[in-house]
Amino acid sequence: MFRVSNFVVGLANTLVMLVGASAIGYSIYMFAHQGVTDCESAIRAPLLTTGLILFVVSLVGVIGSCFKENFAMVSYLIILFAGIFALIGFSIFLFFVTNKGAGRVVSGRGYKEYRTVDFSTWLNGFVGGKRWVGIRSCLAEAKVCDDLSDGRVSQIADAFYHKNLSPIQSGCCKPPSDCNFVFRNATFWIPPAKNETAVGANNGDCGTWSNVQTELCFNCNACKAGVLANIREKWRNLLVFNACLILLLITVYSCGCCARRNNRTAMKSDCA
Ligand SMILES: *[C@@H]1O[C@H](CO)[C@@H](O)[C@H](O)[C@H]1NC(C)=O
């Protein structure tokens, strides 16, 4: 007798196992290779952990459903149940920490500007202290400001002001608008005469701006805020993904319960 629920659980877990295996493979590759960038080294440990968890859990699921091994199936269902709850909790948490932090519209500009105070305290901790040093060099490696340094946008103030910059570019590649800097080109700005500078505006970002092409506003608070806006946007998308994943896991869980019953009553087929 062919059992659909065993098949569904087996198939879903085989796919997850493959995903887990590739994550493990890729992170080992990154650990083994010299000269990985700061950006890559930041993700390899979490990637390895995620890969291992996915691999082990889905392996238990496969053993439970394909080999009709009831102990494995029960363990799998318990892990899955806990996983669904953890994911729901995590999503609620994500929802609240990403609630605050909309960008500010600047009049006459195609981009928004961001301030760290507009984000939740928890999210701010994410770019605080030593961690910022790593993120900053990762941003420099990723050459986030590069597409502002050629073409019309790089030379013509009006074209620059109307460009829709990404949050990171808005924060890290130009001085904040309140500083009233004069545009020379996209990566070179001239400070206004002393009495026009709003002292203390933007947490001192006006003084932090540097025309040294490798520094720009990478040390500005606005740059941290831009990174936070970017994280917030990604996590908001992750919320949608999580909602779908939760539905999928509940489906797999229901099938898993059926498969478990099938395992027990190997002759009867009371559920598909
Ligand atoms: C911007 O202006 C500065 C100073 O005039 C110059 O050194 C730099 O090469 C210019 N950069 C671009 C991309 O035009």
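So, how was this worked out
- Residues numbered from 1 in each chain as written.
- Predicted model: local features only at pLDDT ≥ 70, side-chain atom pairs only at ≥ 80, totals over all residues.
- Heavy atoms only, no water.
- Near = heavy atom within 4 Å.
- Polar contact = N/O pair within 3.5 Å; in protein donor to acceptor, adjacent residues only side chain to side chain.
- 1 Å grid on protein atoms, 1.4 Å probe; cavity = no way out; pocket = protein on both sides within 12 Å on 5 of 7 lines; lining within 4 Å.
- Points joined across faces, edges and corners; volume = space filled by probe spheres on them.
- Helix = DSSP H or I, 4+ residues; strand = E, 2+ residues; numbered from the N terminus.
- Pairing = 2+ DSSP bridges.
- UniProt positions renumbered as here; feature names shortened; annotations may be inferred.

Visitor: Requested: an account of the site of the ligand, with residues and values cited.
Guide: The environment of the ligand is formed by S149, Q155, R184, N185 and F188. At 2.8 Å from an oxygen atom of the ligand is found a side-chain nitrogen or oxygen belonging to Q155. Here an oxygen atom of the ligand sits 3.1 Å away from a polar atom, N or O, in the side chain of R184.

Visitor: Describe the layout of surface pockets, listing the residues and the values that go with them.
Guide: Here the largest pocket defines a volume of roughly 1800 Å³. For the largest pocket, the lining is made up of 46 residues, of which P46, T50, F90, L238 and F241 are closest to its centre. Looking at the lining of the largest pocket, the elements that each hand over two or more residues are helix 1 (4-32), helix 2 (38-66), helix 3 (70-97), helix 5 (129-141) and helix 10 (221-264). A total of 12 residues in the lining of the largest pocket trace back to one element, the largest contributor, which is helix 10.

Visitor: So, unusual backbone geometry: which residues are in play, and what are the values?
Guide: Not every positive phi belongs to a glycine, and K143 is a case in point at roughly 50°. By the element assignment, K143 lies in the loop between helix 5 and helix 6 (152-155). One non-glycine residue, N180, adopts positive backbone phi at about 60°. Relative to the assigned elements, N180 resides in the loop between helix 8 (167-172) and strand 3 (182-185).

Visitor: Break down the pairing of strand 3 for me, citing the residues and quoting the values.
Guide: Side-chain direction in a regular strand flips from residue to residue, so the side chains alternate between the two faces of the sheet. Of the pairings in the sheet, the one linking strand 3 to strand 4 (residues 188-190) comprises three bridges and is antiparallel in character. Paired with V182 across the strands is I190, a residue of strand 4. Where strand 3 folds back onto strand 4 in an antiparallel hairpin, the turn is made up of two residues.

Visitor: So, the UniProt feature "transmembrane region" (unreviewed entry) in the protein: which residues are in play, and what are the values?
Guide: Mapped onto this numbering, the UniProt entry gives "transmembrane region" (unreviewed entry) at residues 7-31, 43-67, 74-97 and 238-259. Between the C-alpha atoms that bound residues 7-31 there is a distance of 36 Å. The span itself is 100% helix and 0% strand. Along residues 238-259 one finds 100% helix and 0% strand; the C-alpha atoms at either end are 30 Å apart.

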